[in-house]
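Examining the three-dimensional arrangement
Listed below, chain by chain, are the residues.
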Amino acid sequence: MNIGKPRKLGKTIEDIEEGDSLSLTESIEDKDLLLYLGLTNDANPLYIQHDYAQKTEYGKPIVPSIMLMGIITSAISKHLPGPGSHVVNFSVNFVGPVFHYETLTFQFEVIKVDKMKDVVTISIEAVNEEGDRVLDAVVMVQPPQVTIDELEEKEGEMNE
């Protein structure tokens, strides 16, 4: 399926350096939770039922862990390395709960560039509004394999 011309591709491995970073702030809203729960049919009472969650150590509903991972992979796909990149390994430690309506700040930093394997390793830390760390992650990402110029050249050859 081809949904039109790609408008932009992310950085290739040649354009990425250790220390490259990104800061991203995301708020967890009802619409996000409802979309996730609707798409996955996940009815875990810890995520949606206040009366159940009050009886747990959390005291109120929490955000599904996979939603937080989705925010991370989305940032990788959009920004660092960007469009055309592919997550090949994901390791995450959920340090503390994330509650509905919280705003999180994610700090991304490239900690290793392996040109032999064509993979970059990105460290991620997320904190809530109070500055409490809620997750740590390390993600290995394969940056885009071609540049936008190479892609356009291939398209030009195919149209000849």
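Criteria and cut-off values
Residues numbered from 1 in each chain as written. Predicted model: local features only at pLDDT ≥ 70, side-chain atom pairs only at ≥ 80, totals over all residues. Heavy atoms only, no water. Helix = DSSP H or I, 4+ residues; strand = E, 2+ residues; numbered from the N terminus. Buried < 20%, exposed > 50% of the residue type's maximum accessible area, 1.4 Å probe, protein only. Contact = heavy atoms within 4.5 Å. Areas by Shrake-Rupley, 256 points an atom, 1.4 Å probe, with all protein chains shown as cover. Phe/Tyr/Trp six-rings, centres within 6.5 Å; stacked < 30°, edge-to-face > 60°. Pairing = 2+ DSSP bridges. Axes fitted to C-alpha atoms, helices over the stretch in contact; angles between N-to-C directions. Salt bridge = Lys/Arg side-chain N within 4 Å of Asp/Glu carboxyl O.

Looking at an unreviewed UniProt entry, the chain carries the name MaoC family protein, with the source organism given as Candidatus Enterococcus dunnyi.

1. Topic: the overall build of the chain
On a plain count of helices and strands, the chain comes out with 5 helices and 5 strands. By the burial criterion, 34% of the 160 residues in the chain qualify as buried. Pairs at least 24 apart in sequence give 68% of the contacts found in the chain among residues at least 6 apart. When the accessible surface of the chain is totalled, it reaches about 9900 Å², and 49% of it is carbon and sulfur.

2. What to know about the packing of aromatic side chains
Scanning all chains against the criterion turns up 1 aromatic pair. Look at F106 and F108: their rings are 6.5 Å apart centre to centre, the planes differ by 35 degrees, and that puts the pair in the tilted class. A relative accessible area of 0% places F106 in the buried class.

3. Remarks on the sheet that holds strand β4 (residues 119-127)
The antiparallel open sheet is built from 5 strands, whose spatial order is β1-β3-β4-β5-β2. Both edges of this open sheet fall to β1 (21-27) and β2 (86-94), since each of them pairs with a single strand only. If you compare each strand with its neighbour and ignore which way they point, the axes differ by 20 degrees on average. Against the sheet, helix α4 (residues 65-78) touches β1, β2, β3 (103-114), β4 and β5 (133-142), its axis set at about 140 degrees to β2.

4. Concerning the pattern of salt bridges
Inspection of every chain in the model, using the stated rule, returns 4 salt bridges. As a salt-bridge pair, E14 and K115 come within 3.4 Å of each other at their nearest N and O atoms. Here K115 lies in the loop between β3 and β4 and E14 lies in the segment before β1, a separation of 101 residues in the sequence. A salt bridge links D136 to R133, with the nearest nitrogen and oxygen atoms 2.1 Å apart.

5. Structural notes on the pairing of β4
Examined bridge by bridge, β3 and β4 share 9 bridges and lie antiparallel to one another. In the strand pairing of β4, D114 is matched with V119. Hairpin geometry of β3 and β4 is characterised by an intervening segment of 4 residues between the two adjacent antiparallel strands and by a positive phi of about 55 degrees at D118. In terms of strand pairing, β4 meets β5 through 8 bridges, oriented antiparallel. Note on β5: the bridge partner recorded for I124 is A137. Counted along the chain from β4 to the antiparallel partner β5, the turn is 5 residues long, and its residue G131 has a positive phi close to 85 degrees.

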